[in-house]
There are 2 protein chains.
Amino acid sequence: LSFYKFHCTYCSWESSPSANVVKCETCKDPIFIKYMENPSNTFQPSYSNVTMPLPLTKSDDLITLGEGNTPIVKMNRVSEMVGIDTIGKLEYMNPTGSFKDRGSAIMISALADFNIKEIVEDSSGNAGASISAYGAKAGIKTHIFTPSTTPLPKLNQINIYGAVNHSISGTRDETTEAALKYARETGMPYASHNLSPYFIEGTKSFAYEVYSQLGLDMPTDIIIPVGNGSLYLGMWKGFNELVDNGELTSIPRLHCVQARAVMPIAMAMENKSWTPADATPTRAGGIAVSSPPRLGQVIKVLTISGGSVITVEEEEIGQAQIQLSRYEGIFGEPTSAAALAGLQKLTQKKVIKSGSKVLMPITGFGLKDKMPE
Amino acid sequence: LSFYKFHCTYCSWESSPSANVVKCETCKDPIFIKYMENPSNTFQPSYSNVTMPLPLTKSDDLITLGEGNTPIVKMNRVSEMVGIDTIGKLEYMNPTGSFKDRGSAIMISALADFNIKEIVEDSSGNAGASISAYGAKAGIKTHIFTPSTTPLPKLNQINIYGAVNHSISGTRDETTEAALKYARETGMPYASHNLSPYFIEGTKSFAYEVYSQLGLDMPTDIIIPVGNGSLYLGMWKGFNELVDNGELTSIPRLHCVQARAVMPIAMAMENKSWTPADATPTRAGGIAVSSPPRLGQVIKVLTISGGSVITVEEEEIGQAQIQLSRYEGIFGEPTSAAALAGLQKLTQKKVIKSGSKVLMPITGFGLKDKMPE
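Residues numbered from 1 in each chain as written. Chains lettered and ligands numbered in written order. Predicted model: local features only at pLDDT ≥ 70, side-chain atom pairs only at ≥ 80, totals over all residues. Heavy atoms only, no water.

Draft legend 1. Looking closely at unusual backbone geometry. Phi is positive for lysine 28 of chain A, which is not a glycine, with a value near 70°. With respect to the secondary-structure elements, lysine 28 of chain A resides in the loop between β2 (14-15) and β3 (32-35). Positive phi is not limited to glycine here, since asparagine 69 of chain B has a value of about 60°. Structurally, asparagine 69 of chain B is set in the loop between β5 (52-53) and β6 (72-74). (Helix = DSSP H or I, 4+ residues; strand = E, 2+ residues; numbered from the N terminus.)

Draft legend 2. Spotlight on the sheet that holds strand β12 (residues 253-259) of chain B. All names here are of chain B. The six strands lie next to each other as β6-β7-β14-β11-β12-β13, forming an open sheet whose pairing is mixed. At either margin of the open sheet sits one strand with a lone partner, and together these are β6 and β13 (309-312). Taking each pair of neighbouring strands and ignoring which way they run, the sheet shows an average axis angle of 25°. Judged from the two bridges that link them, strand β11 (residues 221-225) and strand β14 (residues 357-361) form a sheet pairing that is parallel. Across the sheet, aspartate 221 pairs through a bridge with valine 358, a residue of β14. (Pairing = 2+ DSSP bridges. Axes fitted to C-alpha atoms, helices over the stretch in contact; angles between N-to-C directions.)

Draft legend 3. Examining the pairing of strand β9 (residues 141-147) of chain A more closely. All names here are of chain A. Burial analysis of β9 places six of its seven residues in the buried class, the great majority of the element. Of the pairings in the sheet, the one linking strand β8 (residues 118-122) to β9 comprises five bridges and is parallel in character. For isoleucine 119, the partnering residue across the bridge sits in β9 and is threonine 142. In this region the chain leaves β8, passes through helix α3 (residues 126-138) and returns to the parallel neighbour β9; the handedness of that crossover is right-handed. Sheet analysis places β9 next to strand β10 (residues 164-168), joined by five bridges and oriented parallel. Note on β10: the bridge partner recorded for threonine 146 is serine 167. After leaving β9, the chain enters helix α4 (residues 152-160) and then returns to the sheet as β10, a path that is right-handed. (Buried < 20%, exposed > 50% of the residue type's maximum accessible area, 1.4 Å probe, protein only. Right-handed = clockwise from strand over helix to strand, strands pointing away.)

So, in structure tokens, the structure goes:
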């Protein structure tokens with residue numbers, strides 16, 4: 001495993017890979033993976049048309065359920081509605097119905113390489129279902145901590161894949177605390193999709209695919225619902241690797257959408273104070289993260305990429321979910337619909353201008369969540 | 001539209017294409033599409049790596065939600081369990097969560113070519129959800145007749161895509177009667193996934209993809225849950241076209257799985273009498289078709305391809321659904337799990353022998369149906 005290291009982009013700390021390290025041991029910032037040799041260890045994962053560096057020794061090590069390689073579709077009526085050329089990348093068409101499968105595939109494959117047999121994770125639902133499925137395929141026993149507000153379809157998924165579900169009566173943050181405590185007590189790795197650098201190595205394939213599918217016709221703007229930022233930061237890393245390799249010369253503006261109910265990133269971007277106690281309930285459960293551990297990294301990418309943060313109201317999310325279904329035949333979960341609500345506001349505010357070309361990931365399947373009222 | 005005709009394989013009747021004809025006007029057998037010119041009108045649909053003849057004038061006519069191009073995955077623990085090399089093609093990873101999207105894409109595209117604005121369909125759920133989604137994308141208003149036993153997630157889908165749902169308190173057959181009556185009274189086309197020859201032109205892409213993905217390493221046996229046979233007959237037509245074009249020299253044995261609760265095909269294969277009154281409730285709603293209009297065609301393909309029919313019990317279906325999830329990380333609906341239950345019986349009976357290579361389509365997402373008890 002000498003061809004890559006764990007790397008802190010904040011203080012430049014480095015260490016050898018390990019199943020148990022998820023934060024910089026000096027400054028406590030969440031870490032990334034850095035490749036030592038380039039490009040000798042790139043390979044083409046089964047799910048992609050392109051090669052990319054991955055933290056696996058050989059492609060046979062990839063534990064796959066058929067993730068990635070999701071279609072890009074034109075959104076004609078949405079484009080007409082907002083007056084901007086808009087396309088969608090259908091991330092909900094992943095094996096467990098959300099983009100998380102990209103991250104889980106690489107994280108679980110790496111943990112299997114370390115010969116890990118049992119792990120702990122906490123999730124509002126999608127990541128838990130995804131990690132349960134890949135755990136099942138890998139023969140790794142998974143303990144998934146979920147808040148008691150998790151929608152039933154996501155709990156059903158977690159259970160049928162054979163995971164042990166620990167339901168926590170408390171906030172999303174208290175669920176994380178309970179998972180951390182359990183990991184400490186049992187000595188099992190804390191395989192957090194929010195922290196593991198392997199998870200981001202998985203989501204970066206989104207960027208490689210966009211480039212492979214669109215070539216020189218790249219979007220000018222990408223609009224992403226952001227809670228923890230695992231897709232957001234993953235695509236940033238992927239686009240950066242493509243620039244470093246000389247394939248791309250620039251990176252699209254990467255915009256964040258948050259629910260007004262839970263908006264730590266939006267407030268941090270404006271240098272305003274915000275605490276988890278300010279959070280109110282939201283139907284966009286996938287981005288209801290009140291203290292995102294990678295907040296500082298998201299703010300940095302927002303600044304460098306020229307992206308902006310937009311917040312959306314609950315009714316706007318509900319309306320956008322119905323618009324996506326009725327105009328485009330795309331049934332996304334409320335979290336995914338938040339991107340469309342955000343697009344409408346960003347075009348109204350002229351942050352996204354006429355002549356732009358917008359891409360939205362549709363991050364999760366509508367079947368996984370409560371229905372709009 | 002002179003490059004293809006409607007064709008009755010039973011009595012050789014032919015006619016020009018029409019949105020309103022779904023059966024042979026002479027012998028009442030459901031019809032197929034026959035191409036006049038070959039191969040000048042083949043083209044590559046967006047969803048596929050291969051070209052195939054399609055009943056559309058140009059590829060721009062295709063109304064797509066990103067269907068097809070589904071992954072094939074190895075099923076290591078299932079292979080171990082049954083002692084036969086088994087792979088799965090993940091048809092549930094289609095835009096609305098079932099293989100029906102292949103058929104809907106072509107059927108709705110053809111109806112849009114005919115400038116149709118409103119259609120009638122009846123469905124136990126999946127086809128209705130699929131046709132609603134493609135109707136939404138095409139701007140075609142859809143009336144979906146469903147039995148009152150349809151699972152809630154499928155009804156939710158039908159509704160969110162903006163279809164008019166007509167719920168019928170009665171059997172699946174009574175639902176069909178009600179849809180037919182409504183089509184007659186309103187003059188709208190009866191766009192039935194069970195009868196439309198366009199639907200089968202869509203599902204045939206399954207065969208083209210299997211060949212494109214596996215090449216010379218083709219399966220010896222394919223095991224398919226069969227109700228109406230739209231996937232079964234579609235893949236048969238696709239494989240036959242590949243033989244006619246000289247790409248393939250033989251076709252895999254195509255086996256049917258039915259629930260013991262609703263087994264018209266199994267009984268017909270044994271020349272035993274069976275009536276809709278013999279049907280009992282089954283969790284495999286997608287194959288609960290007690291009087292399949294294409295029954296004779298399915299029996300013919302079974303005979304020619306060397307396939308067999310196997311019936312499975314309700315407990316076997318439930319157990320197989322859990323096995324698929326826990327062994328392979330694949331959460332299929334009960335109808336899909338019936339294929340695995342069937343595989344176990346076919347290997348026990350030595351109908352499928354050691355050294356065979358089996359492919360199973362996983363036809364629908366588990367999120368779309370009731371959970372196992």
